[in-house]
Amino acid sequence: MTQFASLLLFKTVLLSGLALWLSVVVVNNLTAFRGGVFSVGSMMAMHLFDQAPAITTPLLSRRVTSEGWHRLVYGFVVTVEIVVALLLVYAALVSLGAFLGYADAAAAVGYANLALSGFVAMGLIMLVGGAWFAYYIRQEGAQITHFALIGLGLAAGLVINIPTL
């Protein structure tokens, strides 16, 4: 196998793995939609601030207790996940086509960059939304996860853009 082919294979595996992982996340989030709404609602209502020791802060004025808003926000997040998963699947297929000689490698990189831009944007949306509700105070694990998603997207973008000689 040539270096060119092996690099295309690696990029295909990376994109396929991310696409498969996010597809499983989407299926899980659709299957347990009510639980996701509850989780997002808990963050938006800032319930953990009330646990002992209670945290009193002016940020509590941002509480959103409407279940309608919780459903809307969670539905938006799942919609973004679906779109990004589809972009990753398409990018993986084009990358596979490039590996097999049926598609242009430059086109594969372009589609991968589009998909990974969506992936990073997804992480940033969750990071900014969580920061609005100060989730870093009592849900630091969620913030770390969102930073990890962004980092994974950036690392994948660097790998995808390694020139195929």
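Parameters and conventions
Residues numbered from 1 in each chain as written. Predicted model: local features only at pLDDT ≥ 70, side-chain atom pairs only at ≥ 80, totals over all residues. Heavy atoms only, no water. 1 Å grid on protein atoms, 1.4 Å probe; cavity = no way out; pocket = protein on both sides within 12 Å on 5 of 7 lines; lining within 4 Å. Points joined across faces, edges and corners; volume = space filled by probe spheres on them. Helix = DSSP H or I, 4+ residues; strand = E, 2+ residues; numbered from the N terminus. Nonpolar A, V, L, I, M, F, W, Y, C, P; charged D, E, K, R; others polar. UniProt positions renumbered as here; feature names shortened; annotations may be inferred. Expected span 1.5 Å × (residues − 1). Buried < 20%, exposed > 50% of the residue type's maximum accessible area, 1.4 Å probe, protein only. Contact = heavy atoms within 4.5 Å.

Taking an unreviewed UniProt entry as the reference, the protein chain is identified by name as DUF2165 family protein belonging to Ciceribacter thiooxidans.

Novice: Help me out: how do you make sense of the layout of surface pockets in this one?
Specialist: To find the voids left in a structure, one rolls a probe of water-molecule size over its atoms. Volume-wise, the largest pocket comes out at about 460 Å³. Residue lining of the largest pocket: 21 residues in total, with Val40, Met43, Val77, Met126 and His146 positioned closest to the centre. Of all the elements in the fold, those that place two or more residues in the lining of the largest pocket are helix H2 (33–44), helix H3 (67–100), helix H4 (105–132) and helix H5 (140–160). Considering every element that reaches the lining of the largest pocket, the biggest residue donor is H2, with six residues. When its residues are assigned to classes, the lining of the largest pocket shows twelve nonpolar, eight polar and one charged.

Novice: Can you help me understand the UniProt feature "transmembrane region" (unreviewed entry) in the protein chain in this one?
Specialist: In the numbering used here, UniProt assigns the "transmembrane region" (unreviewed entry) feature to residues 72–102, 114–137 and 144–162. With 94% helix and 0% strand, the stretch residues 72–102 has end C-alpha atoms that lie 41 Å from each other. Note that residues 114–137 is 79% helix and 0% strand, and that its end C-alpha atoms are spaced 33 Å apart.

Novice: How should I be thinking about H2 in this particular structure?
Specialist: Think of an α-helix as 3.6 residues a turn; residues three or four steps apart then line up on the same face. Given a rise of 1.5 Å per residue, twelve residues ought to cover 16 Å, and the 16 Å separating the end C-alpha atoms of H2 matches this to within 8%. Turning to H2, its buried residues are Gly36, Val37, Val40, Gly41, Ser42, Met43 and Met44. Tucked inside the fold, the buried residues of H2 contact H3 and H4. In the stretch just after H2, methionine 46 is the one whose phi turns positive, near 60 degrees.

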